Amino acid sequence: MKDILLSLKIAAVFIGTVVGAGLASGQEIIQFFTIYGPMGIPGIFICGVLYAVLGIVTIDLSYKYNAASYRDLIYISCGKYLGFIIDSLTTFFLFGGTCIILAGSGSIFSEYFGVFNFIGILVMIIATMVTVFYSTEGLIFINSIIVPSMISIVVILFIFTFSKTTMIDIKGIILNSQIFKNNWITSTLLYTSFNMLTATGVLAPMTRDIKDSKAMSFGIILGSIGLLVLTLMINLILLKNSPDIFKYSIPMLHVAKGAASIIGTILSITIWCEMFSTEVSDVYSLSKKMNNNFNINYKLSIIIILAIACPFTGIGFAKLIKILYPPFGVISLIYIIFLLRLYFKG
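Note that the coordinates shown come from a computational prediction; the quantities given were computed from them, not determined experimentally.

Definitions and cut-offs
Residues numbered from 1 in each chain as written. Predicted model: local features only at pLDDT ≥ 70, side-chain atom pairs only at ≥ 80, totals over all residues. Heavy atoms only, no water. Helix = DSSP H or I, 4+ residues; strand = E, 2+ residues; numbered from the N terminus. Expected span 1.5 Å × (residues − 1). Buried < 20%, exposed > 50% of the residue type's maximum accessible area, 1.4 Å probe, protein only. Contact = heavy atoms within 4.5 Å. Polar contact = N/O pair within 3.5 Å; in protein donor to acceptor, adjacent residues only side chain to side chain.

(A) Representation of helix 7 (residues 117-132). Counted at 1.5 Å a residue, the expected span for helix 7 with its 16 residues is 22 Å, and the 23 Å between its end C-alpha atoms agrees. Residues of helix 7 that are buried: Gly-120, Ile-121, Met-124, Ile-125, Ala-127, Thr-128, Thr-131 and Val-132. On its buried face, helix 7 sits against helix 6 (80-111), helix 8 (135-162), helix 13 (261-294) and helix 14 (298-309).

(B) Representation of the environment of Phe-95 in the model. Residue position: Phe-95 is located in helix 6. With 70 residues separating them along the chain, Phe-95 and Thr-165 place their C-alpha atoms 42 Å apart.

(C) Region of interest: unusual backbone geometry. The peptide bond linking Ser-242 to Pro-243 adopts the cis configuration, its omega dihedral lying at 0°. Secondary-structure assignment places Pro-243 in the loop between helix 11 (213-241) and helix 12 (251-259). Even without being glycine, Asn-66 reaches a positive phi, approximately 55°. Counting through the fold element by element, Asn-66 comes out in the loop between helix 4 (40-65) and helix 5 (70-78). Residue class for Asn-66 comes out partly exposed when judged on its relative accessible area of 47%. For Asn-295, which is not glycine, the phi dihedral falls at a positive 60°. Here Asn-295 is to be found in the loop between helix 13 and helix 14. Residue Asn-295 is classed as exposed on the basis of its relative accessible area of 71%.

(D) Local environment of the side chain of Thr-161. With respect to the element layout, Thr-161 can be found in helix 8. For Thr-161, a relative accessible area of 14% corresponds to the buried category. If we skip the residues at most four places from it in the chain, Thr-161 touches Ile-237, Lys-240 and Val-255.

(E) Expanded view of the environment of Ser-105. Along the chain, Ser-105 falls in helix 6. Sequence separation of Ser-105 and Met-275 is 170 residues, and the distance between their C-alpha atoms is 7.3 Å. When residues no more than four places from it in sequence are discounted, the contact partners of Ser-105 are Gly-120, Ile-121, Met-124, Trp-272 and Met-275. In this structure the side chain of Ser-105 is engaged in a polar contact, spanning 2.5 Å, whose partner is the backbone oxygen of Gly-120.

So this is what it looks like as structure tokens:
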């Protein structure tokens, strides 16, 4: 029973790491799946399978090489010179993700609650700082609360959206959806890769604290299934509301507000909480690296990261996603290829 409970907590952390500002808001789903129309659906299923495979590969190698952070696994997989390049770019993109989520928090407070952006940013900074101070325990605790809540609200919104829709109607929505781009396989691989490299920043140090490799593996499989189902539901909701939904920085929030005001309020809080859980994961990853590899005090690292990230939030939420995510996907894909090479070579 303890092993199952541990696996569920690990699954929650895995889901919470991936489901951040972009996915929970719907912005990532639009850019990587919805714009591909019907072909976004097989892309989502491929993504779910790859999450499970690459997640297990990541923890197996982390246990084998006693990796303390994503930096260790990158250098082991890619070698000294390529490892330095990918590690540097990964640090940059994780920091960019931190900025994206702070900006997203500001957008929610501004667009839904009608207050200044900076208030949303400040609340996120304080909440993240307090949680990450508790390291792995704080990471597991916060995701164990937020992820089930987020899954529940997406399921409710999905039921509300399709309550009067038959399976034939849903099939029609998928098949008749507009195709804006055609390179769906590349998009799927890039999306999976950058999420897995981000997740590596959490999974690698977790193997130092959690010695039960079977519980870790089962947790990743459960998390992958959860991510597949969540992504599929969000994509179907967006397909039904496309292409009008594309103009909103937080499309899922717009859908929820149209469904019912109470759902909109709950979803806005849930999206913020999911942004928070991923912010915790990103700052945790960066702080662990600074602590383990540069001997900078862990709590001081947290403060430095958040202080530097704050000024960059002025670029904007949707724009930051468009700027940072595609190139991060390319770098991540290179890393994943070398990771698999190391795994099968070993």
